[in-house]
Each structure stands twice: as structure tokens, then as C-alpha cells.
Amino acid sequence: MRHASFAQWSNQSSVIHQLDARVKLVLLITFVVSVALLREHSQVQLAICFTFLLGVAWAARLPFFRVLSVSLLVLPVIGVFALIVYLSGDHARAWTILARSYLSGFSVIVAVSTTPLPQLLSAARFFRIPRMLVEVAGLIYRYLFVITGEAQQMQIAFGARAGRPGLRAIKASSGMIAVLFSRSYEKAAMVHNAMCARGFAGELTRMEFASLRTIDLALITGGLALELALHFA
Amino acid sequence: MHIPDNFLSTPVWATLDGIAIPAVAIVSRQAQRATESNRLPLLGVMGAFVFAAQMINFPVGLGTSGHLVGGTLLACVLGPWAAALVITAILIVQALIFQDGGVLALGANVINMALIGVVFGYLPARALSRTKWKGVGVFLGGTCSVLVSGVLALSELLLSGIRMSSPLVAVSLGLFAVNAVLEGGITVSVLGAMERLDPSAARGLISDRKGTGNARLLWPKLVVSAGLAAVTLAGLGIMVASTLPDGVQHLGQKIGLPLAAPPTLHSPLRDYNIQALGSNWISRAGAGLIGLVLVYLICALGSHLLGRTRRSYS
């Protein structure tokens, strides 16, 4: 699964992996904003951004072709929107939007593949994103794999019983979701008990960040300068 | 409905992000107040549950299938604040892990689905929660939630200067409507199954089984008032109705769409007139009233079928 690959790739020890999550979060957001603000005909700048992301992926020693193939999976989603623009007769804009959206998606993939999501969420918490939102997002990420696995098992079991379209299938699917809900509810109670046993007092312990080092500040400044330079190239 | 990055113009995404940030802060604070600390794992697990539930497809025939979106379901189970927070968290995880929806477009997606979508899903369900029409309320909630989110996404794209032809807009709206009805049906069906399986677990709206005296007294008055208003509008309102073409027709005329082409099917109520009576006030009012009765019958039949589906679990 895609997210399982991200989790696996994000636990490496390359130079990029070791960077502070706050630096990566700032650079990711500013990079996406910068790409969005590029002028209409900016093929050279888009090519530079793509090369830069490939360079980061290479420096992070990510499996190059697998990362590229995963990044191509964003194309069907954005392709539908780009097709709408293309069909409306604005061909140049459709291609530009497709390229920019792909770059945004690719930059997120590179960031998530080089930073464990809990660290990214902690960095978001550092930047005053509401505590509860960050904690809920973290818990969703933690239990996503568990509950999705159960849902897949149910789907396979339903398919094995020759589930066919019709009212019975709709009832069966509703029943599956209800069972999944019931199991999730029980799991939530168990998780809460386990958390209490480990000293949970209403707030999850968060990752403590040290002060930003000079190298981190230099990276942020350099990154912002490069992103700014793209607009004057 | 997840808008990717770069499809919204800078003023649109920046404004929506600017609105979403304080709105999410308020939602988060309210959810924190309304939620006991022991429900924090519940919110996380429920978010994961909605993710997983979205993987379960509902075969709807003609080789297609739909899936649950979950905003209304969460609002019914967790309450609106917690539901909005959980949907926001889901959107963040979807943008980061699945690249479903953009980072800059997160504000737009949060407003469409987590804030306005949940509100429109919750209000009808809450309004009818203490009546015997609770299922209809949930159905309306699910339908409104998806429809409003879809229409908002479409409007934002149009505002951003994405040129879409009128037929394309019509097709998009049609698809949203189909998905919306499906969401309503799935939500009713799932809540019915949940109630049957574990009534105590479904807190909030769906556990509120007993109707209060006030609600019981209010309901017939509401039905009678709405019915009278509809009949008056259909019968008399047609006299003051504009004869100018609507927006889509006007646009079609402007761009030269063949709107005057002969129809494929001949309906007895074509152009809101009873063809047999000619084109006068009685003909138009009669057509309006017949339309009203037909809509009522379709809704009654739909509610009856949904009621049967729900009863089959108990």
C-alpha cells in the first residue's frame, strides 16, 4: 500500500531525513505556494522545480523509480480536473495546471517520504495548529491501517459469498459498515484504557523540539531565496 | 470533490484558507469543550473508521458503485463540532498521505466538506430527530451535505475562472445529485444497522429516540404550513412569476445552444403548461399543482421504501 511505503521510506537516516521537521514543513508549504504563484508560461521554472525535487529524492536515497511511479498515481485525480479545463478550450492553461498540480503532489510525497507523519504533525503543533486537530489526525493515521485492514477482510468475505448488486448487497454493505463501527467503537474504548494505563491525562505527550540550529535557519533562508528567485528567473 | 492544488485562483484559495484557519480554530475549541478527554481516542478511531468505511462499495447497478462520505454519519454519532474536526483531520491526512486534495486547496476543501457540509448534514437530521420522521431527516442531511459540498466546489472552480460549458456544469450537478441521494440512502441504512447492532454506542442524535411533547405538537403544524405554502406558491405564485428565461437558458441562448430543438419526448406538462388547456393562467397553475402532487408522491414513496429498509433490520 502507498501509505505503508511512505512509512517505511520515512524511517531512513539520510541527510534529508535528519533535517528538522519544522524546516521541512516550512519549505514544503512555501514551495507549494511558490509553484502556485508562478506566471502562466513558466515551463523552465517548472522544470527546475521538478529537477530540484528529483535531487532531494536522490539525496534522501529514496527508491527513485518507485517514488516516481507513486507520484504518477496523483495524475488520474488531477487529470480529471485538467481535462475539464482542456475541454473548455483553454489548452495551455490545462497543461500548466496539470504540471503545477503534479509538482505540488510530488513535493508532498517527497516530504512525507522523508519525514514520519507524527513528526510532521508535531511540527504543525509547534506552529500553533490546534492541539486537538493534530492529536485526532495523529490517531487517525495510527489506526487507519488497522481498521482499513478489517474493512478489506470484510470486502473479501463479502465477495467470496458472491455479493451482487441489488438491495441485498446494499443491506450487506450497510451491515458491514455497522459491524465496522461497532468494532471501532470497542477498539476506541480499549485504546483509551491502554492510554490511561500509560498515564494519559487528557492530552497526548508531544514531541519536544530543540531551538532551531544555525544550519536550519540557513536552510529556511536559502530555500525561501531560491523560491523567490524562481519568480524573477 | 477534493479540489487539487492550482485549480483555484490565488485570490480564491487565499481567501478560503484565510476563512478556514480561524474557523477550524473555533471548531477545535468547541470540540474540545464538548468532548470529554476519554473521547479523544474515539474521535481518532472514528476518523479511521470513516476512512475504512469509504472503502466499502455499495453496488448500485449499471456496473457502478458508490461509497459513504461520512460527514452526516459522524455528525449524528459524535455531534457537529467533533464531526467537523474529524473530517478536517481526515482531509489533512488525505492531502498528505493520499495526495487527495491539495495543500493550498485545503482551506476550500475544509470549508466545503468539513464545515458547511457537516452543518448542512447535521441541521435536517437534528431538526427531525425527535419526530417519527427521523430517518427522513438523516436522509435529507446526507443528501444536502454532499450536494452543498459539490455545488460549493463547482462554484469555487467557476469563480477561479475555470471555464466550463453549460452542459458540463449540468452533468456535474447531475452527478452531484446522484451521489447526494446515494449518500442520504447509505447514511440512513448504516444508522439503521448501527441502531440494531449497538443502540447504546450510537450516542448523540440517533440515541435520542423519545420525541418531546413540543416537537410532537409542532410537527403537524409545520407540515400543514409547508403544504399550504407550497400549494399557494404553485397555484397563485405562478401569476407573479417571471417569464424571462432562467440563467442556464439565458446562457444557452447567448452562446447559441440549440435550446429550441424539437423535444425527444412529448410531455403533457411541457413548459409548465397543461397542453390540453392551452397556455393560460389555469393551465400553468394546474401544471404547478400536478407537479407538486407528483413530487409529494415520489417523496412519500421514497420515505416509505426507506422506512421498509430500516425496519428490516429490527
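Counting starts from 1 at the beginning of each chain's written sequence and moves along it residue by residue. Lettering for chains starts from A, numbering for ligands starts from 1, and both go in the order in which the items are written. Reporting of local features is limited, given that this is a predicted model, to residues whose pLDDT is at least 70; pairs of side-chain atoms are given and counted only at 80 or more, and all residues count toward the totals for whole chains, interfaces and linings. Side-chain measures here rest on the full set of heavy atoms in the structure, leaving out hydrogens and waters.

1. Considerations on the overall build of chain A
Moving on, step 1. Within chain A, the secondary structure is distributed over eleven helices and zero strands.
Moving on, step 2. We count a stretch as a helix when DSSP gives it H or I for four or more residues in a row; a strand needs E for two or more, and each element gets its number in order from the N terminus. Reading chain A from its N end, one meets helices and strands in the order α-α-α-α-α-α-α-α-α-α-α.
Moving on, step 3. Accessibility here uses a 1.4 Å probe with only protein chains present; expressed as a share of the type maximum, an area under 20% marks a residue as buried, one over 50% as exposed, and anything in between as partly exposed. Classification of the 233 residues of chain A by burial places 49% in the buried group.
Moving on, step 4. Expressed as a percentage of contacts within chain A between residues at least 6 apart in sequence, the contacts between residues at least 24 apart total 78%.
Moving on, step 5. Under the convention used here, a 1.4 Å probe and the Shrake-Rupley method define accessible areas, while residue burial counts only the protein chains that appear. Carbon and sulfur atoms form 65% of the exposed surface of chain A, whose accessible area is close to 11,900 Å². When checking whether two residues touch, look at their non-hydrogen atoms; a contact exists if any pair is within 4.5 Å.

2. Some thoughts on the overall build of chain B
Moving on, step 1. Summing up its helical and strand segments, chain B has ten helices and two strands in all.
Moving on, step 2. Ordered by position from the N terminus, the helices and strands of chain B form the series α-α-β-β-α-α-α-α-α-α-α-α.
Moving on, step 3. For chain B, the residues scored as buried account for 47% of the 314 residues in total.
Moving on, step 4. Across chain B, the fraction of contacts at a sequence separation of at least 24, relative to all contacts at a separation of at least 6, is 72%.

3. Points about the interface of chain B and chain A
In many reports, interface size means the accessible area that the parts give up when they come together.
Moving on, step 1. Contact with chain B, which involves 70 residues of that partner, is made by 70 residues of chain A.
Moving on, step 2. Two parts placed together each lose some accessible area; with a 1.4 Å probe, that loss summed over both constitutes the buried area. In total, chain B and chain A occlude about 6,200 Å² of area from one another, counting both sides; carbon and sulfur atoms represent 79% of this.
Moving on, step 3. When residues of chain B are sorted by the area they lose upon contact with chain A, Asn6, Leu40 and Gln99 of chain B head the list and together hold 11% of the total.
Moving on, step 4. Just to be clear on terms, a salt bridge is a Lys or Arg side-chain nitrogen sitting within 4 Å of an Asp or Glu carboxyl oxygen. Our count for the chain B to chain A interface comes out at zero salt bridges.
Moving on, step 5. Throughout this description, a polar contact denotes any pair of N or O atoms lying within 3.5 Å of each other; where both atoms belong to protein, one of them has to be capable of donating a hydrogen while the other can accept it, and for residues adjacent in sequence the pair is counted only when both atoms sit in side chains. The interface formed by chain B and chain A contains five residue pairs in polar contact (both at pLDDT 80 or more).
Moving on, step 6. Those elements that provide at least two residues to the side of chain B that touches chain A are α1 (10–34), α2 (40–53), β1 (58–61), α4 (80–97) and α7 (166–197) of chain B.
Moving on, step 7. Ranked by the residues each element gives to the side of chain B that touches chain A, the list is headed by α2 of chain B, at 13 residues.
Moving on, step 8. Three residue categories are used. Nonpolar comprises Ala, Val, Leu, Ile, Met, Phe, Trp, Tyr, Cys and Pro, charged comprises Asp, Glu, Lys and Arg, and polar comprises the others, including Gly. Partitioning the side of chain B that touches chain A into residue classes produces 46 nonpolar, 19 polar and five charged.

4. Some words on the nonpolar core
Moving on, step 1. Ranked by internal contacts, the top residues of the largest apolar core, which has 139 residues, are Val136 of chain A together with Phe7, Phe49, Leu78 and Met194 of chain B.
Moving on, step 2. In terms of residues, this core owes the most to one element, helix α9 (residues 131–160) of chain A, which gives 14 residues.
Moving on, step 3. Ignoring any residue separated from it by four or fewer positions in sequence, one finds Val136 of chain A in contact with Leu40, Leu43, Gly44, Leu85, Val86 and Ala89 of chain B. Only buried residues count toward a nonpolar core. Its members are Ala, Val, Leu, Ile, Met, Phe, Trp, Tyr and Cys residues joined through side-chain atoms within 4.5 Å.

5. A few points about the packing of helix α5 (residues 106–127) of chain B against helix α6 (residues 134–159) of chain B
Residue and element names in this part refer to chain B.
Moving on, step 1. Running from N to C, α5 and α6 point in directions that differ by 155°, and their axes come no closer than 7 Å. In terms of orientation, α5 and α6 fall into the roughly antiparallel class. Here α5 runs over α6; the crossing is right-handed. In this structure, α5 contributes Ala108, Asn112, Met113, Ile116, Gly117, Phe120, Gly121, Pro124 and Ala125 to the contact, and α6 contributes Gly137, Val138, Leu140, Gly141, Cys144, Ser145, Val148, Ser149, Leu152, Ala153 and Glu156.
Moving on, step 2. Tallied by class, the residues present in the contact of α5 with α6 amount to twelve nonpolar, seven polar and one charged. For every element, the axis is a line fit to its C-alpha atoms; helices are fit only across the contacting stretch, and the angle between N-to-C directions ranges from 0 to 180 degrees. Angles are sorted into four bins: roughly parallel if under 35 degrees, roughly antiparallel if over 145, roughly perpendicular if 65 to 115, and oblique for all others. By the definition used in this description, the sense in which the near helix is turned from the far one sets the handedness, with an anticlockwise turn below a right angle giving left-handed and a clockwise turn giving right-handed.

6. So, the side chain of Thr187 of chain B
All names here are of chain B.
Moving on, step 1. With respect to the helices and strands, Thr187 occurs in helix α7.
Moving on, step 2. The exposure class of Thr187 is buried, given its relative accessible area of 0%.
Moving on, step 3. Every residue in contact with Thr187, bar those within four places of it in the chain, is listed here: Leu68, Thr72, Leu73, Val138 and Gly142.

7. As for the packing of aromatic side chains
Residue and element names in this part refer to chain A.
Moving on, step 1. Geometry of aromatic contacts follows a simple scheme: Phe, Tyr and Trp rings, the Trp one being its six-membered ring, pair when their centres are within 6.5 Å, and the pair is stacked under 30 degrees between planes, edge-to-face over 60, tilted otherwise. Enumeration over the complete set of coordinates arrives at eleven aromatic pairs over all chains.
Moving on, step 2. Relative to Phe106, the ring of Phe50 has its centre 5.8 Å away and its plane inclined at 45°; by these criteria the two rings are tilted. With a gap of 56 residues between them, Phe50 in helix α4 (residues 43–59) and Phe106 in helix α7 (residues 91–114) connect regions that are remote in the sequence.
Moving on, step 3. A residue is classified by how much of its surface remains accessible, and Phe50, at 28% relative accessible area, is partly exposed.
Moving on, step 4. Aromatic side chains Tyr141 and Phe145 sit 5.3 Å apart centroid to centroid with 75° between the ring planes, which places their arrangement in the edge-to-face category. A residue pair is termed a helical-turn pair when its members lie 3 or 4 positions apart in one helix, as Tyr141 and Phe145 do in helix α9 at four residues.
Moving on, step 5. Ring pairing ties together the aromatic residues Phe50, Tyr102 and Phe106, which thus form one cluster.

8. Examining the confidence of the model for chain A
Moving on, step 1. On average, residues of chain A score 84 in pLDDT, and 94% of them are at 70 or above.
Moving on, step 2. pLDDT measures the predictor's confidence residue by residue and takes values from 0 up to 100. At the level of individual helices and strands, chain A shows its lowest average pLDDT in helix α1 (residues 2–9) of chain A, which scores 67, and its highest in α4 of chain A, which scores 92.

9. Some words on the side chain of Arg93 of chain A
Moving on, step 1. Along the polypeptide, Arg93 of chain A turns up in helix α7.
Moving on, step 2. Setting aside anything within four residues of it in sequence, one finds Arg93 of chain A in contact with Glu40 and Val85 of chain A together with Ser160, Gly161 and Ile162 of chain B.

10. Brief notes about the environment of Gln32 of chain B
Moving on, step 1. Looking at the secondary structure, you find Gln32 of chain B in helix α1.
Moving on, step 2. Gln32 of chain B sits 50 residues away from Ala82 of chain B along the chain, and the two C-alpha atoms are 8.1 Å apart.
Moving on, step 3. Those residues in contact with Gln32 of chain B, other than ones at most four positions away along the chain, are Arg131 and Met132 of chain A.

11. Focus: the pattern of salt bridges
Pairing between side chains becomes possible if they bear opposite charge and their charged atoms approach one another.
Residue and element names in this part refer to chain A.
Moving on, step 1. Scanning the model with the defined rule gives five salt bridges over all chains in all.
Moving on, step 2. Linking Glu135 and Arg131 is a salt bridge whose minimum nitrogen-to-oxygen distance equals 2.9 Å. Highlighted residues: Glu135 and Arg131, both in helix α9, separated by four residues, approximately one helical turn. By the burial criterion, Glu135 is buried, and Arg131 matches it.
Moving on, step 3. In this structure, Glu150 engages Arg183 in a salt bridge whose closest nitrogen and oxygen atoms are separated by 3.7 Å. Of this pair, Glu150 sits in helix α9 while Arg183 sits in helix α10 (residues 167–197), and the two are 33 residues apart along the sequence.
Moving on, step 4. Of the residues examined, Arg183 reaches a relative accessible area of 39% and is grouped as partly exposed.
Moving on, step 5. One salt-bridge network, in which partners are shared between bridges, spans Glu150, Arg183 and Lys187.

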